Amino acid sequence: MLSDPQAVRPWLLKNHPRQLALLDKFEVELKLGRLSAVSSEHRAKDESLESIDRRTVAFRTVEILKTMIGSTRWQTPAQLVALLRGLGRELHSAGGFREPAIGNVVRRIIAAVREEVMNGPPLDEADGNAGTRNRSRNDRSLESILWALPQQFKSNRSAVIQQPQRTQRTDSINEFVEASDLPSPFFQTRPDLKQAVMEAIIEFTSDLEDLHKNINDQATDHIHAGEIVLTYGRSKTVESFLKAAADKRLKFTVVVCESAPKYEGSEMAKSLADYGIDTCLIPDSAMFCMMARVNKVLLPAHAVLANGGLIAPSGCNMVVLSASQNSVPVICLTGMFKLTPLFPHEGQDTLNDLLCPSSVVSMHDKKLTLNNVDLVNPIYDYVRPELINLYVTNVGSFQPSYIYRLLAEYYHNDDWNSFE
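Just so we're clear, the structure is a prediction, and the values are computed from it rather than from any experiment. (Residues numbered from 1 in each chain as written. Predicted model: local features only at pLDDT ≥ 70, side-chain atom pairs only at ≥ 80, totals over all residues. Heavy atoms only, no water.)

1. Side note on the sheet that holds strand S7 (residues 330-333)
Stage number 1. Here we have seven strands laid out as an open sheet, ordered S3-S2-S1-S4-S7-S9-S10, and mixed in their pairing. Single-partner strands in this sheet number two, and they are strand S3 (278-282) and strand S10 (396-398). Averaged over all neighbouring strand pairs, the angle between strand axes comes to 25°, with direction disregarded.
Stage number 2. The pairing of strand S1 (residues 228-232) with strand S2 (residues 253-257) spans five bridges and is classified as parallel. Bridging across to S2, Ile-228 finds its partner in Thr-253.
Stage number 3. In the packing of helix H15 (residues 316-325) onto the sheet, the strands contacted are S1, strand S4 (296-299) and S7, and the crossing angle to S4 comes to about 160°. (Pairing = 2+ DSSP bridges. Helix = DSSP H or I, 4+ residues; strand = E, 2+ residues; numbered from the N terminus. Axes fitted to C-alpha atoms, helices over the stretch in contact; angles between N-to-C directions. Contact = heavy atoms within 4.5 Å.)

2. Examining the sheet that holds strand S8 (residues 380-383)
Stage number 1. In spatial order, the strands read S5-S6-S8; together these three strands make up an open sheet with antiparallel pairing. Here the strands that pair on one side only, and so sit at the sheet edges, are strand S5 (303-304) and S8.
Stage number 2. Judged from the two bridges that link them, S5 and strand S6 (residues 310-313) form a sheet pairing that is antiparallel. What sits directly across from Ala-303, in S6, is Ile-311.
Stage number 3. On top of the sheet, H15 reaches S6 and S8; it is set at about 35° to S8, its chief contact.

3. Thoughts on the packing of helix H5 (residues 77-93) against helix H6 (residues 100-119)
Stage number 1. Contact pair H5 / H6: the axes reach a minimum separation of 10 Å and the direction vectors enclose 175°. Overall, the two elements H5 and H6 adopt an arrangement that is roughly antiparallel. Here H5 contributes Pro-77, Leu-80, Val-81, Leu-84, Arg-85, Gly-88 and Leu-91 to the contact with H6, which in turn contributes Ile-102, Val-106, Ile-109, Ile-110, Val-113, Arg-114 and Val-117.
Stage number 2. Among the residues making up the contact of H5 with H6, the classes are represented as eleven nonpolar, one polar and two charged. (Parallel < 35°, antiparallel > 145°, perpendicular 65-115°, else oblique. Nonpolar A, V, L, I, M, F, W, Y, C, P; charged D, E, K, R; others polar.)

Now the structure itself:
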């Protein structure tokens, strides 16, 4: 059953060994942290690239899912959903929990499958009536409406029409499908489904390619002449946003926190200064002193949670608290692929990981006494939604309170759960 993360792997091993080899290679790169690393060749072409590019993670995930969908033998939408769920669990167990973009891409494609099945023209398997095949998309059954709009109606799984028993091949992925989990249209053969899903994947890929352009088009709406903007560390999204504002001949000043101990802010400040933007690099300890002169704060995102909270690089929570104390608005720049249907049940530990503390405190310093001392060096911070004023995305600007509505548009509520 698909509740087991290894459910799809035996099926791929038996029927599609080449696809399983591709999946194993992808998981190895994910475990070693090479999936999101920008190659030296690409860094030579564009020095503004981060060492970790989240879009690269999304692109690679789309590629592997596109290969699996296009080259494996499945016949019904239920089989395809089962395959995608199994792949999601495989990637999650291989380290995908550290990269929320991976699970988001899988959920997005599953939502595209659900939408195509429930909104597409129904098939009449009994007599193959052509008129039934060409029925208008607006002519939908009550069951289709309920499943197409899960955020408006609470589904009753016990009332779902059960699929009658059929003779199935033992090597089919049908053995992994729970009939009670999906409505009856998912068990009908849809020859046109693969093409429709591929078109949805191409559209999603196009959105990723145009992500920075769509965000940068909003630069003049949020940055004005004579303003002082503060940012933290280095982010390609924030950097390109500021440069897009400078291209509009706006004169403004950027204050960059150095983001110790990696000091990525130094690279950010140098890049902006070379572009002709007035830039001031400050140590993290001077943040609170400078905040009173700042007009707004721009921050990047690692993930945006279901409650409107933000997972951002470590140190951003300190920036936001300082901004809140001085009534300075905080704007987060992010792509919609970082929108994650998870809640911060673990507080600061949500989607977080720890690094070796040696980069913060030297273990060889004899002057320090570290007996009974726990040193914590987290990668990310959790920022509460009430501390964020606005999210600027590639599809528009939204307040944190509107995130729940975007989740309902981009993901089906049955797929919100983690792939654990």
